[in-house]
Amino acid sequence: MSVKTRSEKPQNMRGGPLQGVRVVELTKVWAGPYAGKLLAFLGAEVIRVESEGALDVTRTYGVTDINNAPGFQAVNPQKLSVQIDMKTEEGVQLILDLVKKSDILIENLRPGAVRRLGLDYATVKAAKPDIIYTSMGMYGTEGPLSYQTGYAPCFAALGGLSALVGYAGGAPAGMNIRYADSTFGTIAAYASMVALLHRRRSGVGQFIDVSAVESMTSMIGDSVMDFSLNGVIRECDGNRHAEMAPHGVYPCRGGDWISVAVAADSAWRELAAIMGRPELATDAQYSTLAARKANEVELDRLVSTWTADRDVAELVVLLQRRGVAAAKSQNSVDLIADQQLWARDFFHAVTNSDGATRPVVGPGWTMSRSADISAGAPRLGEHNSYIFGDILGLTVAEQEQLAAAGITR
Amino acid sequence: MSALNGIQVLELAESVGGEYCGKLLADFGAAVIKIEKPGCGSPTRRLGPQATGERDGECSGLFAYLNTNKQSLAFDIATPVGAATLDKLLGRMDIVIDDHAVDWLNNVGIDLENIEQKHPALVLCSITAFGRTPPAERLYAEDLTVFHSSGWGYHTPSGEDSQPPLKGAGRFLTSYEAGLEAALCVVSALYERETSGLGRVIEVSKQEVLASRIDYVLGQMIAGDMDVGTARTQFDLAGPAGIFPCRDGYAYIWMSAPGHWDALRKLLGNPTWMDAFPERWLERECTPERVAECRRHVAAWLQTQNKHEVAAVAQKLGLTLVAVNNAKDLFESEQYQFRKFFAEVNHPVLGSALYPTVPYKLSETPAQLAAPAPLLGQHNDVLGQHLEMSRAHLVDAGERQ
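Bear in mind that the values here come from a model prediction, so they are computed numbers and not experimental data.

## Observations regarding the overall build of chain A
In terms of helices and strands, chain A carries 19 helices and 12 strands. Overall, chain A is about 85 × 50 × 45 Å in size when its C-alpha atoms are taken along their principal axes. Buried positions account for 63% of the 409 residues belonging to chain A. Across chain A, every contact between residues at least 6 apart in sequence was considered, and the portion connecting residues at least 24 apart equals 70%. Within the structure as shown, chain A displays about 14,000 Å² of accessible surface, and the carbon and sulfur contribution to it stands at 52%. Taking the 39 positively charged and 44 negatively charged side chains of chain A as two groups, their mean positions are separated by 3 Å.

Here's what the structure looks like:
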């Protein structure tokens, strides 16, 4: 693993496509912070506005030290933290002052919260006319159901994903409970960047209203098209795939599982040969995709029987050597030991403000002239003096006054 | 006028990840030229859902969805003339999107080692399963195998360990996620290019995209703050959350806080079985026995309820209960209708139908489904002229076969 020394460069000079962009986050938990993290990983200076009185649950969940909360650290590397009490008039004014010096504001507070706080788009726009204001809500900011709230699995249920995940003929089992927030965050980050590019070309900012539920539907657009075009309501179907067979996850020795996906008849011939059953390749029951689909229960049984007492790693090598798409279904031990993820620096260490290093999960891309990612998540208020002093131009005395009044606690 | 008007995109991609990336750009007004093989076109034209129709390659609902607002230019880049044509095109493009296997770009004459010297302003994005230098045991991949290499597969669905791990929702979740990541990178690169004039080579690994989406868990695991193990439930949270059958389908309930428990009590009419539970059990005394007992009672009650009605009542009481929607529910959703999430698109072969639009509303530059997916080679005439490629040139490049 490469350990990157915490960069001496200011946060806004780390390179990458978004160097010089400043983002203010009024966010909670995972989805909003994930959007900010992606922008930070692309080089933006991302500032989380926090307050002792309204701490993000990921700072406190299961720990006593809010500056060493594992969940917070995982989702907020390379960001800045400033303490401002949003529930005070002076605090709101400070945030507006900060927004005047920023490019993007991202919020995922509860429905109506920014309006109650006096930080809604109209107010922010009056302070900073060309701001990109990205609002993230379960159902978006307006409409008959916009009052409703939920957590990630609710987004997946409402958006149509959960109904598609489960065993054939059974009740829906749903996606993994962790799915949805990060996807929602990525979608918000993309829309924000489109708007920022537009501003650079036109000078015009705008309001972006992102729906978590619709974000989910975007991940199954083709299934939805089946209803639109053919009136077909897709249901959960195990591991079935209309254009591949075998297509499944099969048991191996020692409780392991192997995923195998066969699209072309040529790959099926290879698989049949490896299984020691070359005659299956020409057997009328399996020789074509249509035939394999028609006899898929028996096909899956044949493959499962063959994989069941074999070693998963050996099987993967055997299948890959002959051009068959196959991979171990990786458990969490496999994941953190994935040699390729380490070799590619997907996992790499960052340095916290106390000098301790900590590995973080990288972005899904690599690019030329990429941004330096070397700092861990911020302590609460770690960047107060930089933000109040360098960005907002407050004197030390003014900062002390604000602190004494509890505005920047 | 939308945000990406005037941006020229060359889509070499021929599967869901790259085509979705191109769509995300095209729906904001980018001019996306899709290069297709004469005769057969993109392989996604042959993937379902297929609508009934006579014209082979023009009836795929998948293709129709993924390729709105694009133009199709059919010629064979594998011929010498085709390669020269491609090279000429590159000089006119802002963005190139590819999603083939790792050696494909090289084989069509695009060398990532020198592309930045040759075309300094070009943003080139390559989407692959495991990055551009996969180990031998990861050369061949499909969305299913990548999903299972990322950690999501083994832990899907939550709370299950007797039946096989699953593929996730639909066939292409892996590719949609990667296409989305690619679009974010491409637009960010364009943003910087506005001042520097410099392009960029971007590489998106589907496995890394999916693994990064679980950062909250995986980030704690690699740092040693969360237990790892071989359990299928390793990503799970304890508690009675889950999917329950209703009279007309299914509903999902999330409960983790005292407020949820209070709301449930009101919803159920203060049943006596709840009295046996400590008031703050969800947070402090969430034992498997209590979870099972709670689930049993909730399940029995929900079977007498309709999913949408019970959700509306529960939400007003402060309980996070929602319907498990299917595709029909989405089309009927008053919220989706309010936000106009589905928009009518008129396709010359498929006719008029409602398509999913995008999950974001931009006040100044909304995304639009202005044009249907192109027929194969539909824009050869107009693009040929525009790009100063003679008819003979395209014919030589195998335009018609």
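## Here we look at the packing of aromatic side chains
The geometry of an aromatic ring pair comes down to the distance between the two centres and the angle between the two planes. A full pass over the atoms with the stated rule returns 24 aromatic pairs over all chains. With centroids separated by 5.2 Å and ring planes inclined at 75°, the aromatic side chains of B:F341 and B:F342 adopt a geometry described as edge-to-face. This pair shows no difference in class: B:F341 is buried, exactly as B:F342 is. Following the ring pairs from residue to residue traces out a cluster consisting of A:F227, B:F331, B:Y336, B:F341 and B:F342. We note A:R59 situated over the ring of A:F72; from NZ or CZ to the ring centre the distance is 3.8 Å.

## A word on the pattern of salt bridges
Per the stated rule, a full pass over the model turns up 53 salt bridges over all chains. Ionic pairing is found between A:K37 and B:D215, a salt bridge with its closest N-O pair at 2.7 Å. Within this pair, whereas A:K37 is found in helix α1 (residues 31–41), its partner B:D215 is found in helix α9 (residues 215–222), the two belonging to separate chains. Here the two residues A:K37 and B:D215 agree in accessibility, since each one is buried. B:D94 serves as the salt-bridge partner of B:R193, at 2.7 Å between the closest nitrogen and oxygen.

## Some thoughts on unusual backbone geometry
Omega for the peptide link from B:G48 to B:P49 comes to 0°, which places this bond in the cis form. Omega for the peptide link from B:T156 to B:P157 comes to -5°, which places this bond in the cis form. Tracing the chain through its elements places B:P157 in the loop between α6 (143–149) and α7 (173–196). The backbone of A:V29 shows a phi angle near 60°, a positive value even though the residue is not glycine. With respect to the helices and strands, the residue A:V29 is situated in the loop between β1 (22–26) and α1. Residue A:V29 is classed as partly exposed on the basis of its relative accessible area of 38%.

## So, the interface of chain B and chain A
With 148 residues of chain B at the interface, the matching set in chain A holds 145 residues. Buried surface at the junction of chain B and chain A, summed over both partners, amounts to about 12,800 Å²; 64% is from carbon and sulfur atoms. Of all residues in chain B, B:Y191, B:Y216 and B:I222 bury the most surface against chain A, accounting for 7% of the area lost on that side. For the interface between chain B and chain A, the tally reads 11 salt bridges. A salt bridge links A:E214 to B:R339, with the shortest nitrogen-to-oxygen separation between them at 2.9 Å.

## Some details on the packing of α1(A) against helix α8 (residues 181–202) of chain A
Residue and element names in this part refer to chain A. Interhelical geometry of α1 versus α8 gives an angle of 50° and a closest axis separation of 7 Å. In terms of axis orientation, α1 runs oblique to α8. The crossing of α1 and α8 is right-handed. Contacts between α1 and α8 involve A31, Y34, A35, L38 and L39 from the first element and D181, S182, F184, G185, T186, A188, A189 and M193 from the second. Here the contact of α1 with α8 is composed, by residue class, of 9 nonpolar, 3 polar and 1 charged.

## Observations concerning the side chain of B:D215
On the basis of relative accessibility, which here comes to 0%, the residue B:D215 falls in the buried class. A distance of 2.7 Å separates polar atoms of two side chains, one belonging to B:D215 and the other to A:K37. Contacts of B:D215, omitting those with residues within four sequence positions, involve A:W30, A:Y34, A:K37, A:A74, A:V75, A:V361 and B:Q220.

## Overview of the nonpolar core
Side chains of nonpolar character tend, in soluble globular proteins, to be buried together. Grouped together as the largest cluster of nonpolar side chains are 148 residues, with contacts concentrated most on A:L39, A:L161, A:Y190, B:L4, B:L25, B:Y252 and B:Y360. For this core, the element with the highest residue contribution is α7(B), accounting for 13 residues. Contacts of A:Y190, omitting those with residues within four sequence positions, involve B:L4, B:L24, B:L25, B:F28, B:L180, B:A183, B:L184, B:V187 and B:Y360. A:V24, A:I131, A:I387 and A:L392 belong to the second largest nonpolar core, which has 31 residues in total.

## Here we look at the pairing of strand β7 (residues 247–251) of chain A
Residues and elements named next belong to chain A. Of all 5 residues in β7, 4 are buried; the element is thus mostly enclosed. Pairing of β7 with strand β8 (residues 257–261) involves 5 bridges; the strand directions are antiparallel. When the bridges of β8 are listed, P251 appears paired with W257. Between β7 and β8, which follow one another and run antiparallel, lie 5 residues, and G254 among them has a positive phi close to 75°.

## Re the layout of surface pockets
Put simply, the second largest pocket is a space of about 1,200 Å³. Considered class by class, the residues forming the lining of the second largest pocket number 24 nonpolar, 10 polar and 12 charged.

## As for the packing of helix α10 (residues 258–268) of chain B against helix α13 (residues 307–317) of chain B
Residue and element names in this part refer to chain B. Taken N-terminus to C-terminus, the directions of α10 and α13 make an angle of 135°; their axes are 9 Å apart at the nearest point. Considering their axes alone, α10 and α13 lie oblique with respect to each other. Crossing angle aside, the handedness with which α10 passes α13 is right-handed. For the pair formed by α10 and α13, the contact residues are A263, K266 and L267 on the first element and V310, V313, A314 and L317 on the second. Split by residue class, the contact of α10 with α13 holds 6 nonpolar, no polar and 1 charged.

## Here's the deal with the pairing of strand β6 (residues 206–211) of chain A
For β6(A), the tally of buried residues reaches 6 of 6 residues, placing the bulk of the element in the interior. Residues A:Q206, A:I208 and A:V210 point to one face of β6(A) and A:F207, A:D209 and A:S211 to the other, with burial holding for every one of them. Sheet topology places strand β5 (residues 132–137) of chain A next to β6(A); 6 bridges connect them, and they run parallel. Paired with A:I132 across the two strands is A:Q206, which belongs to β6(A). Alignment of β6(A) against strand β12 (residues 360–362) of chain B, held across 3 bridges, turns out to be antiparallel. By the bridge assignment for β12(B), A:D209 is matched with B:K361.

## Details of the sheet that holds strand β1 (residues 8–11) of chain B
With respect to topology, 7 strands assemble into an open sheet ordered β12(A)-β6(B)-β5(B)-β4(B)-β1(B)-β2(B)-β3(B), the strand pairing being mixed. Both edges of this open sheet fall to β12 (365–367) of chain A together with β3 (70–74) of chain B, since each of them pairs with a single strand only. For this sheet the average axis-to-axis angle between neighbouring strands, irrespective of direction, equals 20°. Direction of pairing for β1(B) relative to strand β4 (residues 95–98) of chain B: parallel, over a ladder of 3 bridges.

Calculation notes
Along each chain, the written sequence defines residue order, and numbers are assigned to residues from 1. Going through the entries in the order they are written, you letter the chains from A and number the ligands from 1. It should be noted that, the model being predicted, local features are given only for residues of pLDDT at least 70 and side-chain atom pairs only at 80 or more, the latter also being counted only at that level, while totals for whole chains, interfaces and linings use all residues. In computing side-chain properties, one takes all heavy atoms of the structure into account and sets aside hydrogens as well as water. Each helix is a run of H or I in the DSSP string that is no shorter than four residues. Each strand is a run of E no shorter than two, and both are numbered from the N terminus. Partly exposed describes any residue whose relative accessible area lies between the buried limit of under 20% and the exposed limit of over 50%, with all areas from a 1.4 Å probe on protein chains only and scaled to the type maximum. Whether two residues touch is decided by their heavy atoms; if any such pair falls within 4.5 Å, the residues are in contact. The method behind every accessible area is Shrake-Rupley, applied with a 1.4 Å probe, and residues are considered shielded solely by the protein chains displayed. Counted as positive: Lys and Arg. Counted as negative: Asp and Glu. His and the chain ends are not counted at all. Here the site of a charge means atom NZ of a Lys, CZ of an Arg, CG of an Asp or CD of a Glu. Two rings from Phe, Tyr or Trp (for Trp, the six-membered ring) form a pair when their centres sit within 6.5 Å of each other. Planes less than 30 degrees apart are called stacked, planes more than 60 degrees apart edge-to-face, and all others tilted. A ring has a charge above it when a Lys NZ or an Arg CZ is no more than 6 Å from the ring centre and no more than 35 degrees off the ring normal. What counts as a salt bridge is simple: a side-chain nitrogen of Lys or Arg found within 4 Å of a carboxyl oxygen of Asp or Glu. Computed with a 1.4 Å rolling probe, the buried area is the accessible surface lost when two parts are put together, summed over both parts. In this analysis, axes come from line fits to C-alpha atoms, helices being fitted only over the stretch in contact, and the angle between any two N-to-C directions falls in the range 0 to 180 degrees. For classification purposes, an angle smaller than 35 degrees is called roughly parallel, one larger than 145 roughly antiparallel, one from 65 to 115 roughly perpendicular, and anything else oblique. By convention, the crossing between two helices is left-handed when the near helix turns anticlockwise from the far helix through less than a right angle, and right-handed when the turn is clockwise. Any residue that is not Ala, Val, Leu, Ile, Met, Phe, Trp, Tyr, Cys, Pro, Asp, Glu, Lys or Arg is counted as polar, Gly included; the first ten are nonpolar and the last four charged. Between N or O atoms, a polar contact is any pair within 3.5 Å; within protein, one atom must be a potential hydrogen donor and the other a potential acceptor, and residues adjacent in sequence are included only when both atoms are from side chains. Within this scheme, the nonpolar core is defined by two criteria: the residues are buried Ala, Val, Leu, Ile, Met, Phe, Trp, Tyr or Cys, and they are joined through side-chain atoms within 4.5 Å. When DSSP finds two or more bridges between a pair of strands, those strands are recorded as paired. A cavity here means a set of points on a 1 Å grid, drawn over the protein atoms and nothing else, where a 1.4 Å probe fits but cannot get out; a pocket is an open set with protein on both sides within 12 Å along at least five of seven lines, and a residue lines either one if it has an atom within 4 Å of a point. Grid points are joined across faces, edges and corners, and a volume is the space filled by probe spheres set on the points.

That is the geometry; function is a separate question.
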